[in-house]
Every structure is written in structure tokens, then in C-alpha cells.
Amino acid sequence: MAGALGCAFALGVILGARLMRKLVARFSRTWLIGGGGLLLSVAFLPSALFPSPASYTVTAFFLGAANAIMHSSMQGWATDISPDARATTVSLFVFALFAGASVATYLTADLAQHAQYGQIFGIGLVLSFALVLLATGTHALWRRKNPPASL
């Protein structure tokens, strides 16, 4: 099962990255963060509502695609904020990502021990909605205060 989930996630990343190449030319970073975030939220739905190996595989696929779209857009934004400190900014971005995942894993460990996977994915669904609203709204505000330089 772990292998199937890993492959589904990887396929989602690969196809999401190909899609991202087309989207980045047509849409703003704010839109990409929001769209990727909504895809992240959609990813949790099947496993929250119908926990099963099949739904976990669908979730893994869409999590991979969301990673390719939202994660890369947010990481790009992080480097836009401080281009002279790119390495430090990316390091802090990755730290925040892994620290958040670690805290979430710790807080849901008891649910996992009791096979309450639907509830875990439900929590992920709610938190992903909060993330998409916060990230998209914050980026839109930041972009208004920091318009791109004209050529």
C-alpha cells in the first residue's frame, strides 16, 4: 500500500508540474496559490468521506499535484520577499513545512493508532481551507503593496 501511495503522489507531482508550466504563463501567483490550495483541499475529500485504500490513493495523487502547484508558488513568493537571502528564505520555508507536518503528525497520532483515518483527513480538509484563505489573501495584499517592476 505504501508503494502505491508513493507512486500516486509522485505521478501527481509529475503531472502537476507539467500542468504548472501551462498555468504559470496564464495566471498570477495569487491565483496559482489559491488554485493549488483548493486542489489541496479537494485532495482530502475522498479520504475524509470514504476512507479506503482507493480513496487514499486518489488523495495521494491530488496531494502531489497540489504540491507541484501551490508549494512551488508559495516557495517562489518566499524568494520574492527576500531575493538577496534566497537560501535562508527557502530554508525557513522548508523548516516551516516540515515543522507543521511534524506537529500535525504528533497531534493526530492517537487517531492513527485507533485507525480513525477519515477523521485525520477531515482535519486536513479543514486546515487546508484555512491555509488557502490565509495564503491567497496574504499574497494578494502583499502583491498590492509590492507590485511587480515594469519592464
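Calculation notes
By convention here, each chain's residues receive numbers from 1 onward along its written sequence. Given that this is a predicted model, residues contribute local features only at a pLDDT of at least 70 and side-chain atom pairs are listed and counted only at 80 or more, while totals for whole chains, interfaces and linings are drawn from all residues. Remark: hydrogens and water are excluded; side-chain values derive from all non-hydrogen atoms of the structure. Helix and strand assignments follow DSSP, with helices taken as H or I runs no shorter than four residues and strands as E runs no shorter than two, numbered in order from the N terminus. Buried residues are those whose accessible area, probed at 1.4 Å on protein chains only, stays under 20% of the maximum for their type, while exposed residues exceed 50% and partly exposed ones sit between those limits. We call two residues in contact whenever any of their non-hydrogen atoms come within 4.5 Å of each other. For accessible areas, the Shrake-Rupley method is used with a probe of radius 1.4 Å. Any residue's cover is judged against the shown protein chains and nothing else. Here pLDDT means the predictor's own confidence in every residue, given as a number from 0 to 100. Helix axes are fitted only over the stretch in contact, all axes being lines through C-alpha atoms; the angle between N-to-C directions runs from 0 to 180 degrees. Oblique is the label for every angle not falling under 35 degrees (roughly parallel), over 145 degrees (roughly antiparallel), or within 65 to 115 degrees (roughly perpendicular). Residues were grouped as follows: Ala, Val, Leu, Ile, Met, Phe, Trp, Tyr, Cys and Pro as nonpolar; Asp, Glu, Lys and Arg as charged; and all remaining residues, including Gly, as polar.

### A short note on the overall build of the protein
For step 1, the next point in the chain: Helix and strand counts for the protein come out as six helices and zero strands.
For step 2, the next point in the chain: Across the protein, helices and strands are ordered from the amino to the carboxyl terminus as α-α-α-α-α-α.
For step 3, the next point in the chain: Its C-alpha atoms put the protein at 55 × 30 × 25 Å along the principal axes.
For step 4, the next point in the chain: Within the protein, buried positions represent 32% of all 151 residues.
For step 5, the next point in the chain: Nonlocal contacts in the protein, meaning residues at least 24 apart in sequence, comprise 75% of its contacts between residues at least 6 apart.
For step 6, the next point in the chain: For the protein, the exposed area adds up to about 9300 Å²; of that, 72% sits on carbon and sulfur atoms.

### Re the confidence of the model for the protein
For step 1, the next point in the chain: When the pLDDT values of the protein are averaged, the result is 92; 99% of them are 70 or greater.
For step 2, the next point in the chain: Across the protein, helix α5 (residues 109-113) holds the top mean pLDDT of 96, while helix α4 (residues 86-107) sits lowest at 90.

### Examining the packing of helix α2 (residues 29-49) against helix α6 (residues 117-145)
For step 1, the next point in the chain: For the pair α2 and α6, the least separation of the axes is 8 Å and the interaxial angle reads 170 degrees. Classified by the interaxial angle, the pair formed by α2 and α6 is roughly antiparallel.
For step 2, the next point in the chain: Taken together, the residues that form the contact of α2 with α6 break down as 13 nonpolar, 11 polar and one charged.

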